[in-house]
Amino acid sequence: MKKKSAIIIGTVIGVIICCGFGWWLLPVRLLGGIAAEEIAAIEVINGNNGDQFVIADAEDISRIVNGIRQVNFRKKGFGSDIDYWYQLTFIEGNGEKITSIRIRNTRYAQKDITGKQVLYYYCDGELDEVGSYLESLEAALFPDYKRDPDR
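Residues numbered from 1 in each chain as written. Predicted model: local features only at pLDDT ≥ 70, side-chain atom pairs only at ≥ 80, totals over all residues. Heavy atoms only, no water.

1. Comments concerning the confidence of the model for the protein chain
Do not read the predicted coordinates in detail wherever pLDDT is low.
Moving on, step 1. Scored by pLDDT, the protein chain has a mean of 84; 91% of the residues are at 70 or more.
Moving on, step 2. Element-level pLDDT for the protein chain is lowest in strand E3 (residues 74–80), with a mean of 77, against a maximum mean of 94 in strand E2 (residues 52–55). (pLDDT = per-residue confidence, 0-100. Helix = DSSP H or I, 4+ residues; strand = E, 2+ residues; numbered from the N terminus.)

2. Brief notes about the pairing of strand E1 (residues 39–46)
Moving on, step 1. Bridging between E1 and strand E4 (residues 86–92) involves 7 bridges; their strand directions are antiparallel. Following the sheet pairing, Ile45 is matched in E4 by Gln87.
Moving on, step 2. When E1 meets E2, the two strands line up antiparallel, connected through 4 bridges. Bridge pairing links Ile42 to Ile55 in E2. (Pairing = 2+ DSSP bridges.)

3. Side note on the state of the cysteines
Moving on, step 1. Counting across every chain of the model gives 0 disulfides.
Moving on, step 2. Cys18 takes part in no disulfide bond, and the closest cysteine sulfur, belonging to Cys19, lies 7.1 Å away. (Disulfide = S-S within 2.5 Å.)

4. Some thoughts on the nonpolar core
Moving on, step 1. If you look at the biggest cluster of nonpolar residues, it comprises 31 residues, and the most contacted ones within it are Ile64, Ile68 and Leu88.
Moving on, step 2. When contributions to this core are tallied by element, the ones reaching two or more residues are E1, E2, helix H2 (58–69), E4, strand E5 (97–103), strand E7 (117–122) and helix H3 (128–141).
Moving on, step 3. Not counting chain neighbours up to four residues away, the residues in contact with Ile68 comprise Leu30, Leu31, Phe73, Leu88, Phe90, Ile101, Leu127 and Val130. (Core = buried A, V, L, I, M, F, W, Y, C linked by side-chain atoms within 4.5 Å. Buried < 20%, exposed > 50% of the residue type's maximum accessible area, 1.4 Å probe, protein only. Contact = heavy atoms within 4.5 Å.)

5. Some details on a negative patch on the surface
Moving on, step 1. A cluster of acidic residues, Glu37, Glu38, Glu92 and Glu96, forms a negative patch on the protein surface.
Moving on, step 2. Along the chain, the position of Glu96 falls in the loop between E4 and E5. (Patch = residues over 30% accessible without salt bridge, like charges linked within 9 Å, V, L, I, M, F, W, Y side chains within 5 Å. Areas by Shrake-Rupley, 256 points an atom, 1.4 Å probe, with all protein chains shown as cover. Salt bridge = Lys/Arg side-chain N within 4 Å of Asp/Glu carboxyl O. Lys, Arg positive; Asp, Glu negative; His and termini not counted. Charge placed at Lys NZ, Arg CZ, Asp CG, Glu CD.)

Below is the structure:
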């Protein structure tokens, strides 16, 4: 009887480990469940120079959201919060925060899991278009803006 219980418990643990590993390997689409029409504004903070601005134009919001949604990300790992290039906070029409994403560069994004832990995602550089667009919007608002050389 003990041998049969040990086999069942071992099998259940093995299945849980395999499912967790499979989940980890699955590609992720950030903002996948959010339509661009649901977003009234995007609050943007440039982590390199402190510039802050709000994007409220529907066309700009759609371009940024769709640019992020089309990227297939892979989970990279857990860690503590580190510097970022842009922080994007997506706001609903009633003023409530939907979600927040930090873009580190053209290959990495991060999303908060807890107050002190983040999950890192990586891609093959597809965030370049979104980053370039954010930089152009920022340059229009801040004439002294200089493009980030490290991206």
